[in-house]
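# A look at the structure
Listed below, chain by chain, are the residues.
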Amino acid sequence: MAGVGINSNVKAGSRVFHVQTATVKSNNAVRSEIYEKGRLLTFFEKKIESGNHGHVISPEELQNIANEFHQDRVYELEMLFDMSANVRTIKHALSNNKMGVVFLRLNLVEDAIDEFKLAIAHNPKFIEAYTNLGKAYIEAGEFYKAIAMLNQALRINAKYPDIYNILGLAYAMIGNFPDSLTAINKSLEINPNFYDAVINKALTLIGIIQTLEKDTDPFLTTKEDLIQTVDRIPELLKNSEYPYLARIPMQALTGQFDLAAADLKDLKQFMKYKNSIVDVTDVFYLKFMFGGEGRNDAIISHYEKLLQERIDKNPHFADLHNTIGILHLIQCRNIFLKAIDDFKKALAINPDYQMAKKNLILSENDGKGFLILLRAILK
């Protein structure tokens, strides 16, 4: 890391983390890295946008951008374990699942596993929690547990491509490439444009190729399947900003399988961190429900801006549109509650003001349905 540098030790619950933020001149970004006991857990990176008309960002502006990005990471870490404690005071599977997703994004795998297990205990048919627990087991290196959990999810509902995709990854991790390929192909039958499944299929095919004798019929057939698979990646990820997309098909075509596998794994990590929506959708939900920020207009507007930026880059991500819809309902709720306060203030000034009295009664009575609707959506 280089450029402006900021460091903080952060006490979160009973644990201490270190947050290190710096500007990265090579790709015009600010990057925060989070450590625990000297181990890098994860990082967050944000592009620094140039000003209008070729405006050059001053050192002071750069320092302010880095400071704000750093403080956001520190604040979220401090709040994270408080929110986790609050979530555990209720039996609410959705909140446990979202808490687990946030922990997993931070590479706090054991914490994530605990949350997903609680989510399943509260709702044994919660498919997303099973899938996320499978992901967490893979991160923990417990591949057989992941396979068992994901197969359990399929017994509940076999219509989700993500389950088959993660199951295929788990099989690949134990070297069971035939079952891996079967699962990933099933994922792509359900969603042919699922880019992560396409990447995983390519990696599985490379795994198979490396077990075959060169230039035999199985080798050539599998290689052709690999070429057709990786040929789809540049088009599927044309807006990803990943710099080496174009060379992966050529590597497959020329038999440079180790190089292709390395680039595909790097691409997976790139997509995981660059296009992750976890820090927007799940953190927003948890902050609203358990962080006491539901009526903070500045924070709501901040998340609206972040979500809209993500939607502009990923217009086909259903989660993003769903979350910004909920955010807009929350904005309506906040304006509605402000209106009730305004009517009450009008009556405090003039208790005989009949119009204000009528508006207050109507709002409090008829508005209950809207508040019940929002509560039902969030739960």
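Remember, predicted model here, so these are calculated numbers, not experimental data. (Residues numbered from 1 in each chain as written. Predicted model: local features only at pLDDT ≥ 70, side-chain atom pairs only at ≥ 80, totals over all residues. Heavy atoms only, no water.)

### Quick word on the confidence of the model for the protein
Looking at the protein, pLDDT values average 86 and 91% of them are 70 or higher. Looking over the protein, one finds the lowest element-wise mean pLDDT in helix α13 (residues 278-290), namely 67, and the highest in helix α6 (residues 161-173), namely 97. (pLDDT = per-residue confidence, 0-100. Helix = DSSP H or I, 4+ residues; strand = E, 2+ residues; numbered from the N terminus.)

### Quick notes on the sheet that holds strand β4 (residues 39-47)
Spatially, β1-β2-β3-β4 is the arrangement adopted by the 4 strands of the open sheet, whose pairing is antiparallel. Strands at the two margins of the open sheet, each flanked by one partner only, are β1 (5-12) and β4. If you compare each strand with its neighbour and ignore which way they point, the axes differ by 20° on average. Inspection of the sheet shows strand β3 (residues 29-36) paired to β4 by 8 bridges, in the antiparallel sense. Bridge pairing in β4 places glutamate 36 opposite arginine 39. In this fold helix α1 (residues 59-87) packs onto β1, β2 (15-24), β3 and β4, with an angle of close to 10° to the strand it touches most, β1. (Pairing = 2+ DSSP bridges. Axes fitted to C-alpha atoms, helices over the stretch in contact; angles between N-to-C directions. Contact = heavy atoms within 4.5 Å.)

### Focus: the pattern of salt bridges
In total, this model carries 14 salt bridges according to the counting rule given. In this structure, aspartate 162 engages lysine 135 in a salt bridge whose closest nitrogen and oxygen atoms are separated by 3.4 Å. Note that aspartate 162 is positioned in helix α6 and lysine 135 in helix α4 (residues 127-139), a separation of 27 residues in sequence. For aspartate 162, a relative accessible area of 26% puts it in the partly exposed group. In this structure lysine 135 comes out as partly exposed when scored by relative accessible area, which is 27%. Measuring nitrogen to oxygen at the nearest pair gives 2.6 Å for the salt bridge that ties arginine 247 to aspartate 263. Separated by 16 residues along the polypeptide, arginine 247 in helix α11 (residues 247-253) and aspartate 263 in helix α12 (residues 257-274) bring together distant segments of the chain. Among the residues examined, aspartate 263 registers a relative accessible area of 8% and is labelled buried. Among the charged side chains, a salt-bridge network with shared partners connects Arg15, Glu36 and Asp111. (Salt bridge = Lys/Arg side-chain N within 4 Å of Asp/Glu carboxyl O. Buried < 20%, exposed > 50% of the residue type's maximum accessible area, 1.4 Å probe, protein only.)

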